[in-house]
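# Observations on chain architecture
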Amino acid sequence: MLTEIAAVVLVGLLGWTYQATRPPPPKICGSPEGPPVTSPRIRLSDGRHLAYRESGVPKDEAKYRIIVTHGFDNSKEFSLNASQELIEELRIYFVSFDRAGYGDSDPNPRRSVKSEAFDIQELADQLDIGSKFYVIAVSMGAYAGWSCLKYIPHRLAGASLIVPVVNYWWPSLPANLSRTALREKAVPDQWIFRIAHYAPRLLYWWRSQKWLPPAPMFEGHPVIFSRKDKEILTKMPDALRPGQDKVTQQGVFESLHRDLMVGFGHWSFDPLDLSSPFPESEGSVQIWQGYEDRMVPSLLQRYVADRLPWIKYYEVHDGGHFFIYERSFSEAVLRALLLGEEPPSTLLD
Ligand SMILES: *[C@@H]1O[C@H](CO)[C@@H](O)[C@H](O)[C@H]1NC(C)=O
Ligand SMILES: *[C@@H]1O[C@H](CO)[C@@H](O)[C@H](O)[C@H]1NC(C)=O
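Below is a summary of the structure that appears in this document. All of these numbers come straight from a predicted model, not from anything done at the bench. (Residues numbered from 1 in each chain as written. Chains lettered and ligands numbered in written order. Predicted model: local features only at pLDDT ≥ 70, side-chain atom pairs only at ≥ 80, totals over all residues. Heavy atoms only, no water.)

Moving on, we get to the site of ligand 2. The environment of ligand 2 is formed by Asn81, Met236, Ala239, Tyr325, Glu326 and Arg327. With respect to ligand 2, the side chain of Glu326 contributes an N or O atom lying 3.0 Å from an oxygen atom. With respect to ligand 2, the backbone of Arg327 contributes an N or O atom lying 3.1 Å from an oxygen atom. In isolation ligand 2 exposes 370 Å². Once the protein is present, 52% of that is buried. (Near = heavy atom within 4 Å. Polar contact = N/O pair within 3.5 Å; in protein donor to acceptor, adjacent residues only side chain to side chain. Areas by Shrake-Rupley, 256 points an atom, 1.4 Å probe, with all protein chains shown as cover.)

Quick look at the structure:
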């Protein structure tokens, strides 16, 4: 009898926990309850739609074709800040896309580090941009960049990872280094990373608890910005997240939360074990990092760069997380990636 009651109580509790932790279904773009589709989209082989935006010179006139992957809480409206003259001189075609669950792209409940590389490959093939292309992957969107290096290296002409996310739980990061870096974060943010990693199913519930102290990374609290980041925020407040109203229009779970669950979850490979996709130096891979970045710790990035000598590491001495929004950096990134030009040392010091 007692065990039966215990069983019923247990089942009840489990049911309640399940209800309480389950995010509401996403408001799918283009469905009757969802926002309208306002961008061109391709249909992927699993039926999902992927929204994209083309810019630069027309595809057929381009010498360089670049796929850009945006960061956390951002969208395909993110652009490199390069002058029209440079884009035309080098003949660059850009295509950016809303990563699954963001903007006008359908959510992918099976989103993983791996799935992002194949979304990119399908985008390249359906837009017919050629057998090889460049990838520029920014911040959280850099897990898609690492994924391309792992799963579709033969499709790459080169790759640039800008302030790329480092997952504290990559197996070959020394535990003391990860611990030190994680503990430098505000405590509520530390917990978001830990829950995203250890108990991803609880993330939605956790984020909906009003009694918890606010998490700086979601609030845009000043502690997450370096001195330079604050200058950039003041100078160009609108440049940072254009089209912001649409970024999470399908719901925060499939966009933001799933991004954290994937980025800080268990990866199917360890980036520190990768070898160069360009053994004959027929292309190059670069990492750009700000020494003062308060979102992605340079402490960990330096370790990553040290372990992967085939990646060219550029550290911006007084840079934070946002230096890429400055024209001089966007252009230096393009010149390094496409022309193999070293950035002027005044830019890094
Ligand atoms: C981590 O441990 C290694 C070796 O045990 C040591 O050399 C290094 O200084 C430590 N790093 C930190 C940040 O504690
Ligand atoms: C591009 O960079 C310049 C200077 O670095 C800045 O003044 C301008 O606002 C930026 N434009 C955009 C769209 O970010």
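Going through the model one piece at a time under the given rule, you end up with 20 aromatic pairs. Each member of the aromatic cluster is reached from another via a ring pair, and the members are Phe118, Tyr143, Trp146, Tyr151, Trp170, Trp267 and Phe269. The residue whose ring lies beneath Arg99 is Tyr143, and the NZ or CZ to ring-centre distance is 5.3 Å. For the cation-ring pair, Arg194 lies above Trp191, with the distance from its terminal atom to the ring centre recorded as 4.9 Å. (Phe/Tyr/Trp six-rings, centres within 6.5 Å; stacked < 30°, edge-to-face > 60°. Lys NZ or Arg CZ within 6 Å of the ring centre and 35° of its normal.)

Turning next to helix 5 (residues 175-183). For helix 5, the set of buried residues is Leu177, Ser178, Ala181 and Leu182. Projected down its long axis, helix 5 carries its buried residues within an arc of 125 degrees, all on one side. Turned more than 90 degrees away from the buried face of helix 5 sit Ala175 and Arg183, all of them exposed. Tucked inside the fold, the buried residues of helix 5 contact helix 6 (187-198) and helix 12 (298-307). (Buried < 20%, exposed > 50% of the residue type's maximum accessible area, 1.4 Å probe, protein only. Helix = DSSP H or I, 4+ residues; strand = E, 2+ residues; numbered from the N terminus. Arc of directions from axis to C-beta. Contact = heavy atoms within 4.5 Å.)

Attention now moves to the sheet that holds strand 5 (residues 133-138). The strand order 1-2-4-3-5-6-7-8 describes an open sheet built from eight strands, whose pairing is mixed. Two strands bound the open sheet, and with one partner strand each, they are strand 1 (41-43) and strand 8 (311-316). Pairs of neighbouring strands in the sheet enclose a mean axial angle of 25 degrees, with direction left out of account. In the packing of helix 4 (residues 142-151) onto the sheet, contacts are made with strand 3 (64-69), strand 5, strand 6 (156-162), strand 7 (285-290) and strand 8, and the angle to strand 6 comes to roughly 150 degrees. Running at roughly 160 degrees to strand 7, helix 13 (residues 327-339) makes contact with strand 3, strand 4 (92-97), strand 5, strand 6, strand 7 and strand 8 of the sheet. (Pairing = 2+ DSSP bridges. Axes fitted to C-alpha atoms, helices over the stretch in contact; angles between N-to-C directions.)

A word on unusual backbone geometry. Positive phi values are uncommon outside glycine, yet Asp73 reaches one of about 55 degrees. In this structure, Asp73 sits in the loop between strand 3 and helix 2 (84-90). Taking relative accessible area as the criterion, Asp73 reaches 15% and is therefore assigned buried.

Let us now look at the site of ligand 1. Taken together, Asn176, Leu177 and Thr180 form the complete shell of residues around ligand 1. When isolated, ligand 1 has an accessible area of 360 Å², and the protein chains bury 29% of it.

We now examine the pattern of salt bridges. Applying the stated criterion across every chain yields a total of 19 salt bridges. The closest approach of N and O atoms between Arg99 and Asp259, which form a salt bridge, is 2.8 Å. Remark: Asp259 occurs in helix 11 (residues 252-263) and Arg99 occurs in the loop between strand 4 and helix 3 (113-126); sequence separation between them is 160 residues. Judged by relative accessible area, Arg99 falls into the buried class, the value being 0%. The exposure class of Asp259 is buried, given its relative accessible area of 0%. With a closest N to O distance of 3.3 Å, Lys235 and Glu326 form a salt bridge. Of this pair, Lys235 sits in helix 9 (residues 227-235) while Glu326 sits in the loop between strand 8 and helix 13, placing them 91 residues apart in sequence. Owing to a relative accessible area of 54%, Lys235 belongs among the exposed residues under this scheme. Each member of the salt-bridge network shares a partner with another, and the members are Arg53, Lys76, Glu77 and Asp98. (Salt bridge = Lys/Arg side-chain N within 4 Å of Asp/Glu carboxyl O.)

On to the side chain of Asp106. Note that Asp106 resides in the loop between strand 4 and helix 3. Asp106 sits in the buried class, given a relative accessible area of 10%. A polar contact of 2.8 Å, which involves the side chain of Asp106, links it to the backbone nitrogen of His49.

Further remarks concern the environment of Ser115. Mapped onto the elements, Ser115 comes out in helix 3. Ser115 sits 206 residues away from His321 along the chain, and the two C-alpha atoms are 26 Å apart. Setting aside residues up to four positions removed in sequence, Ser115 forms contacts with Asn108 and Arg110.

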